[in-house]
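Listed here are the chains, written in short residue letters.
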Amino acid sequence: MDLIRFPEMSRGNLRAMRQTVDGAFRDFTRAWGDTLEAIFAPLQSLLTFIENLLIRSPWIAVLAVLAAGIWLVSRSWKIALGSVLALLVVGYFGMWEDTMRTIAMVAVCTLIAVVLGIPVGILMAQSNRMNAMVTPILDMMQTMPSFVYLIPVVMIFGLGKVPGLIAVVIYAIPPVIRLTNLGIRQVAPDVLEAAEAFGSSSWQKLRDVQLPLALPTIMAGINQTIMMSLAMVVVASMIGVRGLGQPVLQAINQQYFTMGVMNGLAIVAIAIIMDRTTQAYGKRLQKHTEAGK
Amino acid sequence: MNKAGTHDIEIRDLYKIFGPEAGQHVEAVKAGLTKAELNDRHNHVLGLQDINLTIPHGRITVIMGLSGSGKSTLIRHINGLIQPTAGQVLYDGMDVVTMTPTQLRDFRRQKTAMVFQKFALLPHRTVLRNVAYGLDIRGMAEAEERARHWIDRVGLQGYEDYYPRQLSGGMQQRVGLARALANDAEILLMDEAFSALDPLIRMDMQSILLELQQELRKTIIFITHDLDEALRLGDKIAILRDGAMEQVGNGQEIVLRPANAYIAEFVREVNRGRIIEARTIATPATQGRELPDFTVKARSKLDLVARRMTKAGMSEAQVRDGEVLVGTIDLPAILEAMVNPADAASDD
Ligand SMILES: Nc1ncnc2c1ncn2[C@@H]1O[C@H](COP(=O)(O)OP(=O)(O)O)[C@@H](O)[C@H]1O
Ligand SMILES: [Mg+2]
């Protein structure tokens, strides 16, 4: 027996298997592609709407609204002022429009991740079986190279915003789910027992006790999700999402060093703004929730 | 706006075994399998065994025992936080054990309120919102007004907008007490409610509770591992050991007639003069003999009686319950009653 060569499946069988799976998937795409596109169309409209709002409004108004929003969330003049300065510099170097597109994309991705991720996290916290089922899926989502799941997404949706959104959300949603689960599981059992003893329903327990006490942890998850969606902008630009990722991609292909660095730094600037803002908000939430004494 | 307790709680033949196959071992336990044996042979924990207890309405019933004796387990059966392996918890014609989830929720909302050892306040809510919590759950419109009333009653006016972690332990437990009282339930469950507090603050809280109870007459189940607290608060005292009820009675009965050596050891250090009442050791007045011309009240404790008599220079007194003559009492008898019989015996 030959111990050097691995006893692999025959070439012919392997090819047949790949062709069967690919064929089946292609059939699925033909049959359901339009339906799926219709389902995701509202997301595309939402993203386009936010993009247009940011790009077509007077820049000074956009800047003012962003600054006000950042201050409201962080309650920190330092962060708000720093953000304004960073955005002014980014705009001065000709990256205003791309920056706005990237902000719009991160906002929509985060929104989707939160809307889907928090309920999944809640279900995981409430059932150990659900927890055991979802955890490996999350592990897979975070370790599978994103190019692999881009293939079916692109096959179904072609190039454009929606496949970009889907790819980013798949990559960035795990932290929200994990930390929602963790936050709820960490709620002190005696507080939960008190809620029970006073006759709370499960929904009341969730609304009045578990979610508020888990909120700082959930915020940490949202913060990570935002950072991860920003990390995906270059990958997303490969399948047609416009924004700061595209010039970076172009710079790689054509070896424009300065262009790459500038756009890269703009991404970093957005990352820092969003990170500081959400962290400040998380700290503010935490002020009272640390258990008494 | 306060509901006094109107019905006794009857705990009948209650058994609680912790473990996955609890139901299979209950017969063996009834037949005499001990806690240690159950643990060694079947790896199940015997939480409670053969508990029968009447908790009288409008009174404070204290459940006492060392740590791990099953006190918390027992009190949680009354509001259904723990399901027994066998037995009944009867209240006003209902059995808490067999209630549906909805019935149980309504029972908890309307009939019971609980105070916890570690306060268990909601850290993200202010004092006001914490006290209103039980009422919020029931969707009560006047929640805030009632919460303010009870915040005043426990002496926390001015602290409505503080968060729990800004308050000392004693103040936090006042919030816990106000939260329970605001619920306006007949049954008040207090699981080592004062155990986490410093001695002075604990005495304070005991006074507040006694004072409120004078007026409210709730059915209170109070858990403690501290005999002095039990004797001070309890109209009725039940002593648990390893999940079994060792003795039930009032303070005097337990101090004067401990049911077994374990309890005798428990009550050894008690200041008996503060527990025993004059009427307990009064002897019937002898016919025809002249009554001493000093009077003490039948329910006065011996230490007070002794102090009054020595101050007045009297060695004998008549004991009266209102107008009724109970008997007479003299200083030697008082002193004898105040000395622990076990100590007296060892000095012979
Ligand atoms: N959920 C549980 N699972 C297993 N054993 C338990 C559980 N809850 C309590 N016990 C055991 O039951 C006994 C009584 O506990 P508990 O009622 O908390 O005592 P206490 O309140 O008097 O200190 C202890 O031996 C404890 O270890
Ligand atoms: Mg306990």
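Residues numbered from 1 in each chain as written. Chains lettered and ligands numbered in written order. Predicted model: local features only at pLDDT ≥ 70, side-chain atom pairs only at ≥ 80, totals over all residues. Heavy atoms only, no water.

The name recorded for chain B in an unreviewed UniProt entry is Quaternary amine transport ATP-binding protein, from Paracoccus denitrificans. Per UniProt, the comment on chain B under Catalytic activity (unreviewed entry) is "a quaternary ammonium(out) + ATP + H2O = a quaternary ammonium(in) + ADP + phosphate + H(+)". (UniProt positions renumbered as here; feature names shortened; annotations may be inferred.)

Chain A has the name Binding-protein-dependent transport systems inner membrane component in an unreviewed UniProt entry, where Paracoccus denitrificans is given as its organism. Regarding chain A, the UniProt comment filed under Sequence similarities (unreviewed entry) reads as follows: "Belongs to the binding-protein-dependent transport system permease family."

A separate point is the UniProt feature "transmembrane region" (unreviewed entry) in chain A. Residues and elements named next belong to chain A. When the UniProt feature table is mapped onto this chain, "transmembrane region" (unreviewed entry) is found at residues 53-73, 79-96, 103-127, 147-173, 213-236 and 256-274. End C-alpha atoms of residues 53-73 are separated by 21 Å, and the span's content is 90% helix alongside 0% strand. Span residues 103-127 is 96% helix and 0% strand, its end C-alpha atoms 35 Å apart. (Helix = DSSP H or I, 4+ residues; strand = E, 2+ residues; numbered from the N terminus.)

We now examine the interface of chain A and chain B. With 23 residues of chain A in contact, the opposing surface of chain B contributes 27 residues. When the area that chain A buries against chain B is broken down by residue, the three leading residues are Ala197(A), Phe198(A) and His288(A), summing to 32%. At the boundary of chain A and chain B, one finds 2 salt bridges. Note that Arg76(B) and Glu193(A) form a salt bridge whose closest N and O atoms lie 2.6 Å from each other. Taken together, the links from chain A to chain B amount to 7 residue pairs in polar contact (both at pLDDT 80 or more). Elements represented by at least two residues in the side of chain A that touches chain B include exactly helix H9 (189-197), helix H10 (202-231) and helix H13 (257-289) of chain A. Residue classes in the side of chain A that touches chain B are distributed as 9 nonpolar, 7 polar and 7 charged. (Contact = heavy atoms within 4.5 Å. Buried area = accessible area lost by both parts, 1.4 Å probe. Salt bridge = Lys/Arg side-chain N within 4 Å of Asp/Glu carboxyl O. Polar contact = N/O pair within 3.5 Å; in protein donor to acceptor, adjacent residues only side chain to side chain. Nonpolar A, V, L, I, M, F, W, Y, C, P; charged D, E, K, R; others polar.)

Residues and elements named next belong to chain B. The domain boundaries assigned to chain B delineate domain 1 (55-81 + 99-270) and domain 2 (273-347). Computed over C-alpha atoms only, the centres of domain 1 and domain 2 are separated by 34 Å. On the side of domain 2, 7 residues touch domain 1, which itself brings 8 residues to the contact. Summing the contributions of domain 1 and of domain 2, the shared interface buries around 600 Å²; its carbon and sulfur component is 60%. Broken down residue by residue, the surface that domain 1 buries against domain 2 is led by Gln 252, Leu 256 and Arg 268, which jointly contribute 77%. (Domains from an automatic or database assignment.)

This next bit is on the nonpolar core. Counting 77 residues, the largest nonpolar core has Leu177(B), Met190(B), Phe222(B) and Ile329(B) as the members making the most contacts within it. The biggest single contributor to this core is helix H8 (residues 169-182) of chain B, with 6 residues. Split by domain, the residues of this core number at least three in each of domain 1 (55-81 + 99-270) and domain 2 (273-347) of chain B. Excluding anything up to four places from it in sequence, Met190(B) contacts Ile75(B), Val115(B), Leu177(B), Leu209(B), Ile220(B), Ile221(B), Phe222(B) and Ile223(B). Grouped together as the second largest cluster of nonpolar side chains are 59 residues, Leu47(A), Ile103(A), Val168(A) and Met232(A) included. (Core = buried A, V, L, I, M, F, W, Y, C linked by side-chain atoms within 4.5 Å. Buried < 20%, exposed > 50% of the residue type's maximum accessible area, 1.4 Å probe, protein only.)

We now examine the pattern of salt bridges. For the structure on display, the rule yields 30 salt bridges over all chains. Between Glu196(A) and Arg108(B) there is a salt bridge, with its nearest N and O atoms 3.7 Å apart. Taken together, the residues span two chains, with Glu196(A) in helix H9 and Arg108(B) in helix H4 (residues 101-111). Take Glu196(A): its relative accessible area is 25%, and that puts it in the partly exposed class. The partner of Arg146(B) in a salt bridge is Glu142(B), with the nearest N and O atoms 4.0 Å apart. With a relative accessible area of 11%, Arg146(B) lands in the buried category.

It is worth spelling out empty space enclosed by the protein at this point. Over the atoms, a rolled probe matching the size of one water molecule traces out where space is still vacant. Applying the stated criterion across every chain yields a total of 2 cavities of 30 Å³ or more. One number sums up the size of the largest cavity: a volume of about 40 Å³. Those elements that place two or more of their residues in the lining of the largest cavity are helix H4 (96-126), helix H11 (233-238) and helix H12 (245-254) of chain A. Tallied by class, the residues present in the lining of the largest cavity amount to 4 nonpolar, 5 polar and 1 charged. In this structure, the second largest cavity occupies an estimated 30 Å³ of space. In terms of lining, the second largest cavity is formed by Leu181(B), Leu188(B), Leu209(B), Leu212(B), Gln213(B), Leu216(B), Lys218(B) and Ile220(B). Looking at the lining of the second largest cavity element by element, the count peaks at 4 residues for helix H9 (residues 199-216) of chain B. Taken together, the residues of the lining of the second largest cavity break down into 6 nonpolar, 1 polar and 1 charged. (1 Å grid on protein atoms, 1.4 Å probe; cavity = no way out; pocket = protein on both sides within 12 Å on 5 of 7 lines; lining within 4 Å. Points joined across faces, edges and corners; volume = space filled by probe spheres on them.)

Turning to the environment of Ala238(B), a few remarks are in order. Residues and elements named next belong to chain B. By secondary structure assignment, the location of Ala 238 is in strand E9 (residues 236-241). A sequence separation of 51 residues divides Ala 238 from Ile 187, and the C-alpha atoms of the two residues are 17 Å apart. Excluding residues within four positions of it along the chain, Ala 238 makes contact with Leu 53, Val 62, Ile 63, Met 64, Met 245, Gln 247 and Val 248.

All names here are of chain B. The environment of ligand 1 is made up of Phe 18, Lys 35, Val 45, Leu 66, Ser 67, Gly 68, Ser 69, Gly 70, Lys 71, Ser 72 and Thr 73. A distance of 2.7 Å separates an oxygen atom of ligand 1 from a polar atom in the backbone of Gly 68. Considering ligand 1 on its own, with 560 Å² of exposed area, one finds that the protein chains cover 60% of that surface. Take the shell around ligand 1: its biggest share by element is 3 residues, from helix H3 (residues 71-78). Classifying every residue of the shell around ligand 1 by side-chain character gives 3 nonpolar, 6 polar and 2 charged. (Near = heavy atom within 4 Å. Areas by Shrake-Rupley, 256 points an atom, 1.4 Å probe, with all protein chains shown as cover.)

Moving on: the sheet that holds strand E13 (residues 324-330) of chain B. All names here are of chain B. Across the sheet, 3 strands lie side by side as E11-E12-E13; this open sheet has mixed pairing. At either end of the open sheet lies a strand with only one pairing partner, and these are strand E11 (295-297) and E13. Neighbour to neighbour, the strand axes of the sheet diverge by 35 degrees on average, direction disregarded. Of the pairings in the sheet, the one linking E11 to strand E12 (residues 316-321) comprises 3 bridges and is parallel in character. (Pairing = 2+ DSSP bridges. Axes fitted to C-alpha atoms, helices over the stretch in contact; angles between N-to-C directions.)

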